[in-house]
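# What the coordinates show
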Amino acid sequence: MDYHAPTADMVLALRVSAGIDELASHSRFAGASPDMVEAIVEGIGALAAGEWAPLNRPGDTEGARLVDGAVVLPKGYAEAYAAYVEAGWNTIAAPADFGGQGLPMSLAACVLENLGTANMAFNLLPMLTVGAIEALAHHGTPAQQAAYLPRLISGEWSGTMNLTEPQAGSDVGALRTTAVRIESGPDAGKYLIKGGKIFITWGEHDLSNNIIHLVLARTPGAPAGSRGISLFVVPKYRLDANGEPGERNDLRVVSLEHKLGIHASPTCVMSFGENDACVGELVGHEHEGLKAMFTMMNSARINVGAQGVQIAERARQQAGAFARERVQSARAGSADKAPVAIIEHPDVRRMLLRMRALTEGARALLYYTTGQADRGTLGIAGAQARADCLVPMLKAWGTDVGCEVASLGIQIHGGMGFIEETGAAQHYRDARIAPIYEGTNGIQAADLVTRKLGMDNGGVLAALMAEVAHDCAASAGPIAALARDCAAIGQWMLNEASLDDRLAGSVPFTTMCAVAVAGWQLHRQARHAASEGLGLATAKAVVADWFLTNVVTEAQGLKASAMAGARELYALDAETLAS
């Protein structure tokens, strides 16, 4: 199915939810003029639809393959990536000092949204590079930044995150990869890296001239657990005296994972230092890898939340096209008994409207989050704390939305949705990874009710929900009521609930908070569209109202679950529970 970029809705979300015009009033982001914003949204939409989307289905059916130690990608991927690099799309929000355009993160998120909607598996390549850029820009030495950032920013080189190991999973403090300082010779001061990593996205490929691996490892005598991990930059090809890729480093891909979805994305098992010759450089200070990791992870979690929007948009578009074309049965109660397109049947319309409301709600939350992150970059008081609070909501609820909307897409296709040839099943298979990686959604919920809820003694979340409730009080009462419930639950969790009780209610609480903010932003968009007389004003009003009467009211029903506590979770012993 063809992809059509939802340009008007993206521009609306950037204007209203990200507040891109206000961002452009600051000298740092002055380049984000209205003309530039529209040019970027339209331009990347054209590239995504024309170059990346046609590769989505072949990428799924052919997949990435490992042949004689090299990753082989489906035909067309090299040319499509080259077109992306040549046009400078990787540079949007990167530091201007190293060849970036220095524009707001919100615009870079729009670039990745378009590319990911066109081809989610392919989009993981630039998405992971963003994390590497962030880590080196914040924690690298000047020499490391000069050596690596310009070519990562251009897209000539790509980046990865090497965190996970088989025995550790999400517990990065349990990793066993080692880094031993080299005391003499030409590499004195660098480190020998040795160990294995799993689930390394785009860990090996030939689309870029070098792959810059950021690897978590433990130095000798390091403290146990996460306090003892350090971060290292480990290039596939070591740099020569001129900064060019030279000899191959002692690292290799061992195998590719056979996955449920995202088949065109090579998910690698990586081995470092099999010949005791894998050389890396320390990023930041020893034992401060966790700090650098969270710089990478925060960016990645925003972009993974965006993947929920991406796959939802693609599934929604395909389901809508199918519903307009598929003729089956007469409309119930109609005097004319001729079959009609299934889009005329009430339940199909219910599913299509739900898909659209969830997709646009998640997009609204995405751009509100990036807008706050951009304000944090500008040093605006309270903005970074609010962005930090929003990130787990976006990552968790956004990816849940992706799965639900993709599932509804299959349902609208009926039996044909369960058949691979239509492509509807691919969206569901691709979507399913997003609630798992970059910290499972349960980890996101735990982060919200522990670290984020505790910021300013609960003041950050309370201020957010107070703003939602105030803005929605007159025109969207159920959203205001939901926001007040979120604030009350937050206070209960902080002041009365045990840690187990907080964690037991964390997932429904995260959903409630995310829906409150998304509904608020949808209604802000609807008001703006109406006041400006925009062409999508009528549709946006319907979508916002449907979100309120259906999604918001469902979220209100989660209050009891959020406050139920942990007692019943431990009423059965482990053996009985699992039997």
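Read on for a plain summary of the structure. (Residues numbered from 1 in each chain as written. Predicted model: local features only at pLDDT ≥ 70, side-chain atom pairs only at ≥ 80, totals over all residues. Heavy atoms only, no water.)

### Description of the overall build of the protein
When its secondary structure is counted, the protein shows 20 helices and twelve strands. Against the compact-globule benchmark of 25 Å for 579 residues, the protein has a radius of gyration of 24 Å, which places it among compact chains. Taking the principal axes of its C-alpha atoms as reference, the protein extends roughly 85 × 60 × 55 Å. Out of the 579 residues in the protein, the part that is buried amounts to 56%. For the protein, contacts bridging at least 24 residues in sequence account for 72% of all contacts bridging at least 6. In the form shown here, the protein has an accessible surface area of approximately 22,600 Å², with 53% of it arising from carbon and sulfur atoms. Mean positive and mean negative side-chain charge positions of the protein (45 and 61 charges, respectively) differ by 3 Å. (Helix = DSSP H or I, 4+ residues; strand = E, 2+ residues; numbered from the N terminus. Rg over C-alpha atoms; globule rule 2.2 N^0.38 Å. Buried < 20%, exposed > 50% of the residue type's maximum accessible area, 1.4 Å probe, protein only. Contact = heavy atoms within 4.5 Å. Areas by Shrake-Rupley, 256 points an atom, 1.4 Å probe, with all protein chains shown as cover. Lys, Arg positive; Asp, Glu negative; His and termini not counted. Charge placed at Lys NZ, Arg CZ, Asp CG, Glu CD.)

### Comments concerning helix α11 (residues 383-413)
For α11, spanning 31 residues, the distance from its first C-alpha to its last is 43 Å, which sits close to the expected 45 Å at 1.5 Å a residue. When the local axis directions of α11 are compared, the greatest deviation, roughly 30°, occurs at Leu390, which is followed within four positions by the proline Pro392. Most of α11 sits out of view: 25 of its 31 residues are buried. (Expected span 1.5 Å × (residues − 1). Bend = angle between axes of the 7 residues up to and from the residue.)

### Digging into the packing of aromatic side chains
The final tally for this structure, using the stated rule, is nine aromatic pairs. Ring geometry for Trp52 against Phe122: centres 3.8 Å apart, planes inclined by 15°, an arrangement best described as stacked. Remark: Phe122 occurs in helix α7 (residues 120-139) and Trp52 occurs in helix α3 (residues 34-52); sequence separation between them is 70 residues. The residues Trp52 and Phe122 share a single accessibility class, namely buried. Within the aromatic cluster, the residues linked to one another by ring pairs are Trp52, Tyr77, Tyr81, Tyr84, Phe122 and Trp202. Taking the ring centre of Tyr237 as reference, the NZ or CZ of Arg248 above it sits at 5.8 Å. (Phe/Tyr/Trp six-rings, centres within 6.5 Å; stacked < 30°, edge-to-face > 60°. Lys NZ or Arg CZ within 6 Å of the ring centre and 35° of its normal.)

### Concerning the pattern of salt bridges
Under the criterion given, the structure shown has 34 salt bridges. Its salt-bridge partner being Arg429, residue Asp60 comes within 2.8 Å of it at the nearest N-O pair. Placement of Asp60 in helix α4 (residues 56-62) and of Arg429 in helix α12 (residues 424-431) is noted, with a sequence separation of 369 residues between them. Given a relative accessible area of 8%, Asp60 falls into the buried group. For Arg429, a relative accessible area of 12% puts it in the buried group. Arg349 serves as the salt-bridge partner of Glu344, at 3.7 Å between the closest nitrogen and oxygen. Looking at Glu344, the relative accessible area reads 32%, which means it is partly exposed. (Salt bridge = Lys/Arg side-chain N within 4 Å of Asp/Glu carboxyl O.)

### A look at the environment of Met416
Within the secondary structure, Met416 sits in the loop between α11 and α12. Put simply, Met416 and Met493 are 77 residues apart on the chain and 46 Å apart in space, counted from C-alpha to C-alpha.

### What to know about helix α13 (residues 441-452)
Of all the positions in α13, only Asn441, Gln444, Ala445, Asp447, Leu448, Val449 and Lys452 are classed as buried. Here the buried face of α13 lies against α9 (289-325), α11, α15 (477-495), α16 (499-504) and α17 (506-532).

### Observations regarding the packing of α15 against α17
Their axes nearest at 9 Å, the elements α15 and α17 cross at an angle of 145°. Considering only the axes of α15 and α17, their crossing is left-handed. Note on element contacts: α17 touches α15 through Ser506, Phe509, Met512, Cys513, Val515, Ala516, Gly519, Trp520 and His523, opposite Ile479, Leu482, Ala483, Asp485, Cys486, Ile489, Gly490 and Met493. The residue makeup of the contact of α15 with α17, split by class, is twelve nonpolar, four polar and one charged. (Axes fitted to C-alpha atoms, helices over the stretch in contact; angles between N-to-C directions. Left-handed = near helix turned anticlockwise from the far one by under 90°. Nonpolar A, V, L, I, M, F, W, Y, C, P; charged D, E, K, R; others polar.)

### A closer look at the environment of Ala476
Note that Ala476 resides in the loop between α14 (459-472) and α15. Each C-alpha atom of the pair Ala476 and Gly519 lies 8.9 Å from the other, and the pair is 43 residues apart in sequence. Setting aside residues up to four positions removed in sequence, Ala476 forms contacts with His523 and Leu548.

### Some words on the side chain of Lys197
Relative to the assigned elements, Lys197 resides in strand β5 (residues 191-201). One polar contact links Lys197 to Glu165, side chain to side chain, over a distance of 2.9 Å. Aside from chain neighbours lying at most four places away, what touches Lys197 is Asn162, Leu163, Thr164, Glu165, Leu175, Thr177, Val215, Leu216, Cys268, Val269, Met270 and Phe272. (Polar contact = N/O pair within 3.5 Å; in protein donor to acceptor, adjacent residues only side chain to side chain.)

### Re unusual backbone geometry
Of note, the phi angle at Phe199 is positive, near 60°, even though the residue is not glycine. Topologically, Phe199 is positioned in strand β5. Phi at Trp202 takes a positive value of approximately 55°, unusual for a residue other than glycine. Tracing the backbone shows Trp202 in the loop between β5 and β6 (210-218).

### Concerning the side chain of Ser506
In this structure, Ser506 sits in helix α17. Judged by its relative accessible area of 3%, Ser506 is buried. Among the polar contacts made by the side chain of Ser506, one reaches the main-chain carbonyl oxygen of Leu503 at a distance of 2.8 Å. Those residues in contact with Ser506 that lie beyond four places of it in its chain are Ala445, Ala446, Val449 and Met493.

### Considering the nonpolar core
Core analysis: the biggest nonpolar cluster contains 170 residues, and Phe122, Met393, Trp397, Ile412, Leu464 and Phe509 have the highest contact counts within it. A total of 15 residues in this core trace back to one element, the largest contributor, which is α9. Not counting residues within four places of it along the chain, the set of residues in contact with Phe122 comprises Trp52, Leu55, Tyr77, Ala80, Tyr81, Trp202 and Leu207. Counting residues in hydrophobic clusters, the runner-up holds five residues, among them Val16, Ala529, Leu536 and Ala537. (Core = buried A, V, L, I, M, F, W, Y, C linked by side-chain atoms within 4.5 Å.)

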